[in-house]
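Survey of secondary and tertiary structure
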Amino acid sequence: MSKTYYVTTPIYYINDAPHIGHSYTTIAADVLARFFRAAGRDVHFLTGTDEHGIKIVKAAEEKGMGPRELADSIAPHFQSLWADLNILYDDFIRTSEPRHEQRVQAIVKQLVERDEIYLGSYQGWYDEGQEEFVTESAARDNEFKSAINGKPLVRFGEPSYFFRLTKWVPKLLAHIEANPGFIAPSSRRNEVVSKLKLGVEDLSISRLAEKLGGWGVPMPNDPAHTVYVWVDALSNYITATGWPSIGDEWDQKVGDKKFWPADVHLIGKDILWFHAVYWPCILMALGQPLPKCIFAHGWWTSEGRKMSKSLGNFISREVIEKLCVEYGRDAYRYFLLREVPFGADGDFSFENFKNRYNSELANGVGNLLSRTTNMISRYFDGVLPAATAGDMERPVMAAAAELRDLAAGAMEKCDFHQYLEAIFRLVYVTNRYIDDTEPFKLAKDDSQRQRLGTILNTCAQAVRVVLEFLEPFMPDLAGRGLGYLGGPAAVQGNLLERTSWPALAAGTRITKAEPLMPRKQ
Ligand code: MSP
């Protein structure tokens, strides 16, 4: 049986429409899923929507709707944007689905039975936008406003159930220490460790049901209380695998838990604490294995400033759709993961978008594919000539080997940057090889036929490797590009088998490529 790979995105709040931030994590997850599928792993890719909590109740009230009505109207926007961006998820979970709600109850019941939960009373500050409890000192430091959206914090005092978080912190610290890849990037791990060492309190995990108008998951031991939205939401990663089993059809649906623990939870940096502290401690209390990696990416600003609807620099779904019409959805997918190393903050600018498109896609990959297929159809009637490789071919072959050697390791680390750099080194080296060897001149001399064949064969092999490795990022273009180089089926096997040199057999049919990515003015 092949090795599994389980990747998740955060589940997105349905109080608002999707934007660049949501698309960033989801595209990253799709790239990982496509890569590991192509590499032969048994992949499970989960995304979805977070539909409970006070934030949703209030947003629904403001719109004069019920929360379910709001959820039903917004969740399809996420699904249709994912379809437009060519996201191939295996499961889309909504926290208001019975399969999830019932499993959250089963989880809380187990925690109650294990004496991990007790009744107390919560007095303090709450950030409703983030659905987050805020300590007195943090509230004071930020003038009793949300550190994320600047809105006033809400004071509340009510009876609440608490999870014995403090009890698990020493174990969590030991786990983080023993598993350096558990929280990534490492700068984020250090932040979490420092904050943990300052001390934490037990976690309030319920709100009074009446305050939420009954929306949410009732505490199984006391239905006057509703499960805290973050406990509900975090659980989605495991409830979606059919755990705990509750006797419904989902128990077996994703292979009876074979995908748990997840290989990676992709998240934004603002929600790291929930994922790196609350979630692992809850899992430890349940006796379940921990996810292998929690990767926190950075945030996008736009044209140098924080995105805001009033500033007019918001990269909304509409803006994303426009970019996709003008440049193609592959270019958008590519740009987000190419512009900044995953983990760092990034700035979106239309000018950078166009420049990268022109220099790397149109002039880089696109040009290499047209030059190569053009010459093979002109000089060899579209039949791939044989090669007798020598010293001149070595840099191209070395760049292809380097890409192939580092690809899986880079993806394991979510290092899209390193992976794409290696692709573009191969593109660059091959374009330079054409400039240096000047096949268009050799074509005029019949005595150079064999040499010309070697050069064009080498170029075709290189472009084939480039397109195979670009496929997870740019599935449309890679698919079309491979079509000109004998078609996807010209080479058999998984991704690594398909890219071992030389992939294409002499005699393969090559067709002159239409410009895949025309230059933009
Ligand atoms: N519902 C919670 C997540 C629960 S996961 C168990 C939530 N939802 S959210 O819709 O508010 O945000 C989802 C993600 O969008 C977060 O990972 C957040 O970091 C990301 N982003 C929101 N704005 C962003 C940018 N400007 N840039 C990059 N990512 C951003 O939080």
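Right above here is the structure, for reference.
Residues numbered from 1 in each chain as written. Predicted model: local features only at pLDDT ≥ 70, side-chain atom pairs only at ≥ 80, totals over all residues. Heavy atoms only, no water.

Quick notes on the sheet that holds strand S12 (residues 264-268)
Spatially, the six strands line up as an open sheet ordered S3-S2-S1-S12-S13-S7, and their pairing is parallel. Each edge of the open sheet is held by one strand with a lone partner, namely strand S3 (91-94) and strand S7 (183-184). (Pairing = 2+ DSSP bridges. Helix = DSSP H or I, 4+ residues; strand = E, 2+ residues; numbered from the N terminus.)

Some details on the site of the ligand
What surrounds the ligand is a group of 22 residues, the closest being Ile11, Asp50, Gly268, Asp270 and Trp300. One nitrogen or oxygen atom from the main chain of isoleucine 11 is found 2.9 Å from a nitrogen atom belonging to the ligand. At a separation of 2.7 Å, a nitrogen atom of the ligand approaches a polar side-chain atom of aspartate 50. In isolation the ligand has 670 Å² of accessible area, and contact with the protein removes 93% of it. Listed by contribution, the elements that provide at least two residues to the shell around the ligand are strand S1 (4-13), helix H1 (20-38), helix H8 (229-234) and S12. (Near = heavy atom within 4 Å. Polar contact = N/O pair within 3.5 Å; in protein donor to acceptor, adjacent residues only side chain to side chain. Areas by Shrake-Rupley, 256 points an atom, 1.4 Å probe, with all protein chains shown as cover.)

Observations concerning the environment of glycine 479
Tracing the sequence through the fold places glycine 479 in helix H19 (residues 475-484). When the C-alpha atoms of glycine 479 and leucine 467 are compared, they prove to be 7.9 Å apart, with 12 residues separating the residues in sequence.

Some thoughts on the packing of aromatic side chains
Given two aromatic rings, one states the distance between the centres and the angle between the planes to describe the pair. Counted by the stated rule, this structure contains 36 aromatic pairs. On the numbers, 5.6 Å between centres and 50° between planes, the contact of tyrosine 89 with phenylalanine 92 is tilted. Classification of tyrosine 89 by relative accessible area gives partly exposed; the value is 27%. Summarising the aromatic geometry, the rings of phenylalanine 295 and phenylalanine 342 are spaced 5.0 Å apart at their centres and angled 25° between planes, so their arrangement reads as stacked. (Phe/Tyr/Trp six-rings, centres within 6.5 Å; stacked < 30°, edge-to-face > 60°. Buried < 20%, exposed > 50% of the residue type's maximum accessible area, 1.4 Å probe, protein only.)

Points about the packing of helix H6 (residues 165-178) against helix H7 (residues 186-197)
The contact between H6 and H7 brings their axes to 11 Å, and the two run at 155°. With respect to their mutual orientation, H6 and H7 come out roughly antiparallel. Remark: the crossing between H6 and H7 carries left-handed chirality. Across the interface between the two elements, Val169, Leu172, Leu173 and Ile176 of H6 pack against Arg189, Val192, Val193, Leu196 and Lys197 of H7. Here the contact of H6 with H7 is built from residues that sort into seven nonpolar, no polar and two charged. (Axes fitted to C-alpha atoms, helices over the stretch in contact; angles between N-to-C directions. Parallel < 35°, antiparallel > 145°, perpendicular 65-115°, else oblique. Left-handed = near helix turned anticlockwise from the far one by under 90°. Contact = heavy atoms within 4.5 Å. Nonpolar A, V, L, I, M, F, W, Y, C, P; charged D, E, K, R; others polar.)

Thoughts on H7
With 12 residues, H7 ought to run about 16 Å at 1.5 Å a step, and its terminal C-alpha atoms sit 16 Å apart, in line with that. The complete set of buried residues in H7 reads Arg188, Arg189, Val192, Val193 and Leu196. Along the long axis of H7, the arc covered by the buried residues comes to 135°, so they all point the same way. Contacts made by the buried residues of H7 are with H6, S7, helix H11 (272-286) and strand S13 (294-297). One or two steps after H7, the chain reaches glycine 199, where phi turns positive at roughly 105°. (Expected span 1.5 Å × (residues − 1). Arc of directions from axis to C-beta.)

A few points about the sheet that holds strand S8 (residues 203-204)
Reading across the sheet, the four strands line up as S5-S4-S6-S8 and stay open at both edges, with antiparallel pairing between neighbours. With one partner strand each, in any of the chains shown, strand S5 (132-134) and S8 form the two edges of the open sheet. Relative to strand S6 (residues 154-163), strand S4 (residues 117-127) runs antiparallel, the two being bridged by 10 bridges. The partner of leucine 119 across the bridge, within S6, is tyrosine 161.

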